[in-house]
Amino acid sequence: MLKKKWREELLLVGLLFLCLYSPCAEASHLIAVEIRARPINCNSFTYEITLIGYVKIGGVSFGGEDVKLLFGDGQSVLVPQLPSVVVDPILNIGRVQFTTIHTYQTAGVYLLSYGEPNRNEGIVNMDMSVNTTFYTESSITVSNNNCDSSPYLTVPPVDRACTGIGYFHNPGAVDPDDDSISFSFVVPKSELNQDVRNYTYPNNQKFYPGLSYNQANEEGTGPPNFIIDPVDGTVTWDAPGMTGEYALAIKVTAWRLNPVDSTWVESGFVIRDMQVVVEDCSNQKPDLTVPDEICAVAGTTVQFAVPASDPDGNPVSLEAFSDVFSLSDSPAEVHPPGPALQSTAPPYDTAALQFRWNVTCSHVKNQPYNVVFKVTDSPPAGPRLVRFKTVSIRVIAPAPEFKTVTVNPVKRELTLEWENLFCENATGIQVWRRVAAHQYAQPECNIGMPYFLRYNLLTTLSGDAQSYTDSNLAIGAQYCYRIVALIGQNKIPSRISLDTCLIPKPAEAPVITNVSIAATSESEGKVEIRWTSPFDIDKNQYPPPYEYKVYRSDGFGNNIFTEVTPTPIRDTLFVDTPTNTSNLPYEYRVILFVPALGNNSIDTSSVASSVFLTAVAQPGKIALSWQSRTPWSNYLQAHPYHRIYRSNGTPEGPYILIDSVDVNQNGFQYTDYGKFQNQGLADFQLYYYKVLTRGGYGNPDIDEPLENFSQISNGVVLDSKPPCIPIVILEKSDCSSFSCAADNYYNKLTWSYPEGEACLETSVTYRVFVADSENDEFLPLVTDSGTSYQHNNLSSLAKCYKVAAIDAVGNMSPMSDPVCNDNCPYFELPNVFTPSSPDGRNDQLVAFGAESGSLHCARFVKRVALKVYNRWGMEVYSMSDTVPENNSTFWDGSSNSGKELEAGVYFYSADVTFDVRDPAQQRKIINGWIHLIRSD
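Attention here is on the structure that accompanies the text. (Residues numbered from 1 in each chain as written. Predicted model: local features only at pLDDT ≥ 70, side-chain atom pairs only at ≥ 80, totals over all residues. Heavy atoms only, no water.)

1. Side note on the state of the cysteines
Short version of the rule: Defined by distance alone, a disulfide is two cysteine sulfur atoms within 2.5 Å. Runs of H or I in DSSP of at least four residues are treated as helices and runs of E of at least two as strands, each being numbered from the N terminus. Each residue gets one of three labels from its accessible area relative to the maximum for its type: buried under 20%, exposed over 50%, partly exposed in between, using a 1.4 Å probe on protein chains only.
Summed over all chains, the structure comprises 6 disulfides. One disulfide bridge connects Cys 295 with Cys 445, the sulfur atoms lying 2.3 Å from each other. Judged by the sign of its S-S torsion, about 95°, the cystine formed by Cys 295 and Cys 445 is right-handed. Residue Cys 295 is located in strand 21 (residues 294–297), and its partner Cys 445 is located in the loop between strand 31 (426–435) and strand 32 (456–461); the two are separated by 150 residues in the primary sequence. There is no split in this pair, since Cys 295 and Cys 445 are both buried.

As structure tokens, this is what we get:
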């Protein structure tokens, strides 16, 4: 009789699971959700966390029992049922907001998340939407150095779309930390690290039935596109093809500039997960016109009109979204201030929105302000269509202005004075200087000192400073000065001032013009030194002829000078014979004597050095760099090119001019790839180089360019040929005899090196790379000199590997093709358990595990959702997604309310998610029956 009873109850399973796979869950009210984080106490890591949802008014309540906002540190808060504020009465859409305060205990990167069942039924670009959780997340970086906010979004996602007509959306993202932001699409998720089922982007060909896909855009000239502008965030879907509801997710990423290495690093992100309804309609979309990027100087007014039109002559409303409207100091305004309908029918033809903003110094920041303008038409019937356009407004500080420049001839110093700064929130003033004028008209929106002008930063003063004295001046040189104000706590540079140029120290002493290497040798080197006579000297006070002594110092900046002319000379040319010009640079100064006034020195030149060249051997190339310390500038506007000479044979030459380098743009460096006359560089061959620098004082009485040769330096090209790619084998797992261990799995790789002349290498090591899938980034795991590697202590076998060979000089081969393993998943529940049994055994429903002695134990299980039904198909027990651990209890024989259930046969449906690479094996519905036996 018992077996017959079981058979009768099993007949109910088919009928029962018809309900299980029907949309029994109630469709969600959610249209879009996003999370914002804002610091309110940086010292204690305390943040204001705001959850924002857009909902259908009158639908299922937002939030509620067991719905949590997760803070990413293991803490969470329950989100209560919340009322909504109407944002679109026509579409019956409201906005819900929940705000809470949370304090993080330590610095770190935190992922905030929120999930709520369920998505709307029938979303066409994913599977089983009605049974899929609506999930979104946001990230912030909490640290002692950065008090970071997440970006926030100002434009509600309330717009609908029409088939055959372009759809547009812009989230109106703002970053309050003045970070740079970028935009991208991501696949919507149903939970952490879990994409929704079988997501497809809306322009997939399957959503264009009965249409010619290659002419399915609005103009009929090409296939439909679905793109997002990575800079301003405008979504363009040109054009929808099939009616229905579509899901999409926009990721807004904030990027902060690392001041150490000037690289951009991600500081946080926010995701807008939203749904778009596409309908059939005959309406045409409106349009609007905005100005190009605007650069506004603090103290001026930005004012413009945004005209809009509609092809159907329907009324339109215009709106603007940006943080500029909520600024505490001088916010921007638009007129009309609200989205009032304006006529576009004759005689008006166009509507308009007037924008006005009085820009102040408090508005200065690194990133531009983006103002998103939106036009919405209002047809008699059917969906309203919209267009978005963005205006970028960069606010900069005006340039400081010089007041006076004074030279003190006695102290031989120069004093700069400037007017009071326009911006009272200046926190610093930079003083810049260069030798020899460089004509430059600063573009309208540029700020700060461009590097190619080759000014040197002399000092940074406080923001209230009004003068600076420069006493480090060379004889006969023209000096040009510019200043830059630094604005606010972020020290944002202003526009640069106009330059002021003068020769503060006339040539009343010798002026060195050349220190050029005439011979390179470790023992017989020669240096040619030239100088001018003191042409600005008072000849009545210091009558000619003049005599000179030359002094030399070894290396850069040693300041230990030795006389190299035992007796004074009258010539302005001297060839010095130091012992080693191969390995040392030299600095020189020239002392002036007036024989008519005795043997005492009168004055000294400024110090000038030789040019020292370094050649560094690299695979496939030779890198050159050079340096010098001269009172003249080697960065001239009229003569920017230094010349590169090379000898392919011996240090004696001949030397051929192979290239020139613009040092204003590239500095004192050059890489020889062997491109001269397409002559490639041979491996291990010595090449010899010398560089000719070109400079000047900016003094019209001193001829330019001043040309000086470096010493000869040699370099060799290292072997640049990578080794051959290894051949890799991965031992596959035998699932039929697999161990139930949870954390001591291993993957074993073996590889071999190809044979043949093309792969001859005397010394090869190997680097193993690993990734979770073929599409993920492969990261280095280990470097080994052997031909095998066993990756031990794994909790998952689902790994992919690549191997690369590395030769003796560091050349690495391309990585091998990936070899991948997968897990052997299994999950099984017993058919019988005995709750409250006297022996305490088998009194809970537990999946078969290692203790069962069976090879078919539960393994590689990520989550299990279980529902239990009685013989009449009524649900008596359910367990939501649970991460199983050892001996996890799935059922104790009680109902959802905790009441003990009667003995008998029950039926279950287990929704099991496995940790496997194969998408087809990642999720399974396992159905079965359970006999609950009670001892009484």
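2. Notes on the side chain of His 642
To keep it simple, the criterion reads: Contacts described as polar in this section are N or O atom pairs within 3.5 Å, which, within protein, must combine one atom able to donate a hydrogen with one able to accept it, while residues neighboring in sequence count only if both atoms come from side chains. Contacts: residue pairs with any heavy atoms within 4.5 Å of one another.
Examined against the element boundaries, His 642 turns out to sit in strand 47 (residues 641–647). A relative accessible area of 0% places His 642 in the buried class. Only 3.0 Å separates the side chain of His 642 from the backbone oxygen of Asn 634, close enough to count as a polar contact. His 642 has contacts with Trp 626, Asn 634, Asp 659, Ser 660, Val 661, Val 663, Phe 668, Val 691, Leu 692, Thr 693 and Arg 694, leaving out every residue within four places of it along the chain.

3. Side note on the pattern of salt bridges
Under the convention used in this document: Whenever Lys or Arg places a side-chain nitrogen within 4 Å of a carboxyl oxygen from Asp or Glu, that contact is recorded as a salt bridge.
As enumerated under the stated definition, the model contains 29 salt bridges in all. The residue Arg 256 makes a salt bridge to Asp 148 at a minimum N-O spacing of 3.4 Å. Placement of Arg 256 in strand 18 (residues 244–258) and of Asp 148 in the loop between strand 8 (134–142) and strand 9 (152–153) is noted, with a sequence separation of 108 residues between them. Measuring nitrogen to oxygen at the nearest pair gives 3.9 Å for the salt bridge that ties Asp 499 to Arg 482. Here Asp 499, found in the loop between strand 35 (492–493) and strand 36 (500–502), pairs with Arg 482, found in strand 34 (residues 479–487); they are 17 residues apart in sequence, far enough to count as distant. On the basis of relative accessible area, Asp 499 is assigned to the partly exposed category, the value being 28%.

4. A few points about the environment of Thr 889
One can find Thr 889 in strand 64 (residues 889–891). A relative accessible area of 33% means that Thr 889 is categorised as partly exposed. The sequence separation of Thr 889 and Gln 844 amounts to 45 residues, and the corresponding C-alpha distance is 6.2 Å. Those residues within four positions of Thr 889 in sequence are excluded, and the remaining contacts are Gln 844, Leu 845, Val 846 and Met 879.

5. Brief notes about the sheet that holds strand 53 (residues 727–730)
Put simply, the rule reads: Two strands qualify as a pair provided DSSP detects at least 2 bridges between them. Inter-axis angles, ranging from 0 to 180 degrees, are taken between N-to-C directions of lines fitted to C-alpha atoms, where helices are fitted over the stretch in contact.
Spatially, 3 strands are ordered 53-54-57 in an open sheet, and the strand pairing comes out antiparallel. Strand pairing shows two members of the sheet lacking a second neighbour, strand 53 and strand 57 (788–794), which therefore form its edges. Taking the axes of each pair of neighbouring strands and ignoring which way they run, one obtains an average angle of 20° across the sheet. Pairing of strand 53 with strand 54 (residues 745–752), which is carried by 4 bridges, proceeds in the antiparallel orientation. Residue pairing in the sheet places Ile 729 in a bridge with Thr 750 of strand 54.

6. Some remarks on the nonpolar core
Spelled out, the test is: Each nonpolar core is a collection of buried residues, namely Ala, Val, Leu, Ile, Met, Phe, Trp, Tyr and Cys, held together in the definition by side-chain atoms within 4.5 Å.
Membership of the largest hydrophobic core comes to 80 residues, with the highest contact counts inside it found for Val 302, Phe 304, Phe 355, Trp 357, Phe 373, Ile 393 and Trp 531. Looking at this core, the element that brings in the most residues is strand 34, giving 5 residues. What Val 302 contacts, discounting residues up to four positions off in sequence, is Ile 294, Ala 296, Phe 355, Arg 356, Trp 357, Val 359 and Ile 393. Within the second largest apolar cluster, 35 residues are counted, among which are Ile 93, Ala 173, Phe 226 and Ala 254.

7. Overview of the sheet that holds strand 49 (residues 669–672)
Strand order in the open sheet made by the 3 strands is 45-46-49, with antiparallel pairing throughout. Each end of this open sheet is capped by a strand with a single partner; those strands are strand 45 (612–618) and strand 49. Between one strand axis and the next, the sheet turns by 20° as a mean value, whatever way the strands run. Where strand 45 and strand 46 (residues 621–627) come together, 7 bridges link them in antiparallel fashion. Considered in strand 46, the bridge of Thr 614 is made with Ser 625.

8. Points about the packing of aromatic side chains
Worth spelling out the cut-off: Two rings from Phe, Tyr or Trp (for Trp, the six-membered ring) form a pair when their centres sit within 6.5 Å of each other. Planes less than 30 degrees apart are called stacked, planes more than 60 degrees apart edge-to-face, and all others tilted. Here, over-ring charges are defined by two tests on the NZ atom of lysine or the CZ atom of arginine: distance to the ring centre within 6 Å, and angle to the ring normal within 35 degrees.
Inspection of the entire model under this criterion finds 30 aromatic pairs. With 6.0 Å between their ring centres and 85° between their planes, Phe 226 and Trp 237 make a pair best called edge-to-face. Residue Phe 226 is found in strand 16 (residues 225–228), and its partner Trp 237 is found in strand 17 (residues 235–238); the two are separated by 11 residues along the sequence. The residues Phe 226 and Trp 237 share a single accessibility class, namely buried. A centroid spacing of 5.5 Å and a plane angle of 80° characterise the contact between Trp 891 and Tyr 906, whose relative ring orientation is edge-to-face. Of this pair, Trp 891 sits in strand 64 while Tyr 906 is found in strand 65 (residues 904–914), placing the two residues 15 residues apart along the sequence. Summarising the burial analysis for this pair, Trp 891 and Tyr 906 share the class buried. Feature note: the residues Tyr 167, Phe 185, Tyr 199, Tyr 201, Phe 207, Phe 226, Trp 237 and Tyr 246 constitute an aromatic cluster, connected by ring pairs. Looking at Arg 119, its charged tip hangs above the ring of Phe 134, at a distance of 4.4 Å from the centre. Sitting above the plane of the Phe 561 ring, Arg 589 keeps its charged end 4.9 Å from the centroid.

9. Topic: unusual backbone geometry
Residues apart from glycine generally show negative phi values, whereas peptide bonds are mostly found in trans. Residue Asp 238 is joined to Ala 239 through a cis peptide bond whose omega torsion reads 5°. In this fold, Ala 239 is placed in the loop between strand 17 and strand 18. Looking along the chain, the bond that leaves Pro 544 and enters Pro 545 is cis, with omega of 5°. Tracing the backbone through its elements, the reader meets Pro 545 in the loop between strand 38 (526–532) and strand 39 (547–554). The backbone of Asn 559 sits at a positive phi, close to 60°, despite the residue not being glycine.

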